[in-house]
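# Analysis of the macromolecular model
The residues making up each chain are set out below.
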Amino acid sequence: MSRDEIVKLLLTNNLYKSPSILVRELLQNSLDAIRLRKASYSIENLAWGKGKVSFRHYIDDNDEEILECHDNGCGMDETIITQFLGKVGRSYYRSPEFERKRAELKAKGADFEPCSQFGIGFMSCFMFGDRIEIYTRKDYGHGKEKGKPLFVEINGINGLIVIKEGNIEQEFGTTIKIHKRQKSLYFDPFSDNLKLVIRLKGVALATEFPIQAKCEIEGIQEEVEIPAIIDKKRTFLEKAEIKEITTFEIDLSKVDSNLKGYLRQSFLIDSNGIPTIENEKAKWELIDTKNWKDKPNFENVLHIKESNKNMQYNYYSRDDNSICLDGILVCGAPGRVEYATEVKMFLGEITATATSEHPFTLDVRGKIKPELSPSREPLKNNSMFDTPFGWRHMQHLLSIGSSLVWEKILDYSSKGMSIDTFWKLLMIYDGRLINIKSKQLLKHLQLPYNNGEKWIKLSEINNYELTDGKILIKNMNEVITVDFPESIKDLSKAHPNSTDFDWWIAQLLVSISEIDFIDGKNGLKLNQVFNEEERPSDNVYSKPMRTSIKYLDYNGISTDYITSVQFSNTVNRKNPIINEGFKSRNLKHRSEIEEFSLSLASVITNLIDDFKKEQKPLSLEVKWRPLKYLSSLYTNIKWSKYGNEFKPPYKVYNDNGETVEITDEILKKWGS
């Protein structure tokens, strides 16, 4: 495909929605070059931290409009220019040549994962202009021969790449000058389709090298110096300029070493520094604003006492969630704190694919980078319910980071904060318990009964039942019904999805439980022993459009059983085939038997759930598309490779104590 064809493709297919995207592409290339140069020096135990990128947008002496990008990275030699620069779809950073260089870096502990993936970024330059000049000089590394200074000319989209010897005084690095196809007749911030400074302000949120940009053209003059630090979002209470607050800042690198950035949240505090829902300056209130049909419309608002004004806390907005890959924004709110409003007005935003109830800027590097399209937007599968694996994993990591805030708040229950306040704050901020460490939940979390007049710690709970939508706790010689007070239930009414407390808490309890099948008395029992880092979510697996499954230990029953009708949406982690899926549930690539195991757990528990909703006894004599899919997975497995413990029959424990067996014959029949 010619350069002319690729530029037309970029424009007509909306791969790049604006010519200003070339600013981001040039920035990515410069950062890759600087990172490679820094890595090359580090393997010689030499610190090189002088990387920088600069941009200019100006009118030259010939009255031509020019975009210029300069970096002091590793530069290019003639081989890279001829084999990669002008070749559509070929990236040096995805070539065997680079992999050899990378292997050398890895061996000496200096690996880096480049931004470049598709080899089309440089072609975005032709969306702005046809004539391109490049000044470059390769740095082969400390103590090695200097690369030749080169001057490269590209005249026209289909023009030849002309390489000449450059000035001997050229420094290492690369300078690219793009001459605009036709100078603009008029310049103002809205008609300027390059938006150099605005674009850099919007996307450079977490780069580790400083960036300078200057537009020198009358009517759109602007400049910016973007520091080599990660942006930190302001919290809702900080924006409200409330002073009597405490702010928690979570370093996301503590969640995963491939992450950088901060997740932050602020809470009102009382005179003793304890989180509260009201202090002398402000308080949280639930108000009913009524909608246009005069129906209830509840909102949690922050009431500022001095001004007697309310500030709405918007659950639907994630204006303060930004996700970067390799330092450059790919989705979420654009712009650093100091100019976010201005940037969003000009650039808009791509909705964050992974979110948190807390403001954050996240930068992802290395092997866990989620999937991107060629336009460097989050990759989307055919269905809105089927998020690509990398983005699901990113959501999981953010959920862990979010839970660290709630762990800190929960700790205050042993420092004077009432458990009632914890639950109210959880409701106000739309928090989640499922990712808080199980040990901490067991130690600090309490559930209410007698309409909230009394509370019981999880550590005091042994056996419990889920009956008619209620949680019944068997405590000594009495049965306690979990019963949240209206003051907490009311706060949940402002949530996008109003919380059913009994269901919500039941899901949490089941996730940290085991099931006893002893002398016909089957029951849920809260587990009292957990690993330090264990969380309830570790035992939960969800497939798109399917009910979440809890992987629990079934005690007092044969390991041949995979699930129970009575305890729907749970599976027996002790069963060999089920355990294969449990161990692989967070993997991107799974074996045939692991994929079958996860589908077996999901399909059978959902089948049981459907029969229970219709109040009918479980039957395997049904035709259902998911069963056909399960059958196809089963028949494609080479079972000769696996032991008998993985093979059918798979047993289901029925309500009446009888056993339903899923045999080889039934599995094959489902596929017919």
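Going by the structure above, here's the rest.
What comes next is a walk through the structure. The model shown is predicted, which means the values in this text are computed figures rather than measured ones.

### Topic: the pattern of salt bridges
Summed over all chains, the structure comprises 45 salt bridges. Between E249 and K232 there is a salt bridge, with the nearest N and O atoms lying 2.9 Å from each other. One end of the pair, E249, is in strand β9 (residues 245-251); the other, K232, is in the loop between β8 (222-226) and α6 (236-239), with 17 residues separating them in the sequence. Take E249: its relative accessible area is 36%, and that puts it in the partly exposed class. Across the salt bridge formed by E533 and R535, the nearest N and O atoms sit 4.0 Å from each other.

### Here we look at the sheet that holds strand β10 (residues 259-268)
Spatially, β9-β10-β16-β14-β15 is the arrangement adopted by the five strands of the open sheet, whose pairing is mixed. Of all strands in the sheet, those bounded by a partner on one side alone are β9 and β15 (328-332). Across the sheet, the mean angle from the axis of one strand to that of its neighbour is 20°, orientation sign disregarded. In terms of strand pairing, strand β14 (residues 321-325) meets strand β16 (residues 360-364) through five bridges, oriented parallel. In the strand pairing of β16, C324 is matched with D363.

### What to know about the side chain of N321
Relative to the assigned elements, N321 resides in strand β14. Polar side-chain contacts of N321 include one of 3.4 Å to the backbone oxygen of H358. With residues up to four places along the chain from it excluded, the contact list for N321 reads C331, G332, A333, A352, T355, S356, H358, P359 and F360.

### Some words on the state of the cysteines
The tally for this structure, following the rule as stated, stands at zero disulfides. The thiol of C115 is unpaired, and the distance to the nearest cysteine sulfur, on C324, comes to 11 Å. Between C125, a cysteine without a disulfide, and C69, which holds the nearest cysteine sulfur, the sulfur-to-sulfur distance is 8.7 Å. The class of C125 is buried, set by a relative accessible area of 1%.

What counts and what doesn't
Residues numbered from 1 in each chain as written. Predicted model: local features only at pLDDT ≥ 70, side-chain atom pairs only at ≥ 80, totals over all residues. Heavy atoms only, no water. Salt bridge = Lys/Arg side-chain N within 4 Å of Asp/Glu carboxyl O. Helix = DSSP H or I, 4+ residues; strand = E, 2+ residues; numbered from the N terminus. Buried < 20%, exposed > 50% of the residue type's maximum accessible area, 1.4 Å probe, protein only. Pairing = 2+ DSSP bridges. Axes fitted to C-alpha atoms, helices over the stretch in contact; angles between N-to-C directions. Polar contact = N/O pair within 3.5 Å; in protein donor to acceptor, adjacent residues only side chain to side chain. Contact = heavy atoms within 4.5 Å. Disulfide = S-S within 2.5 Å.

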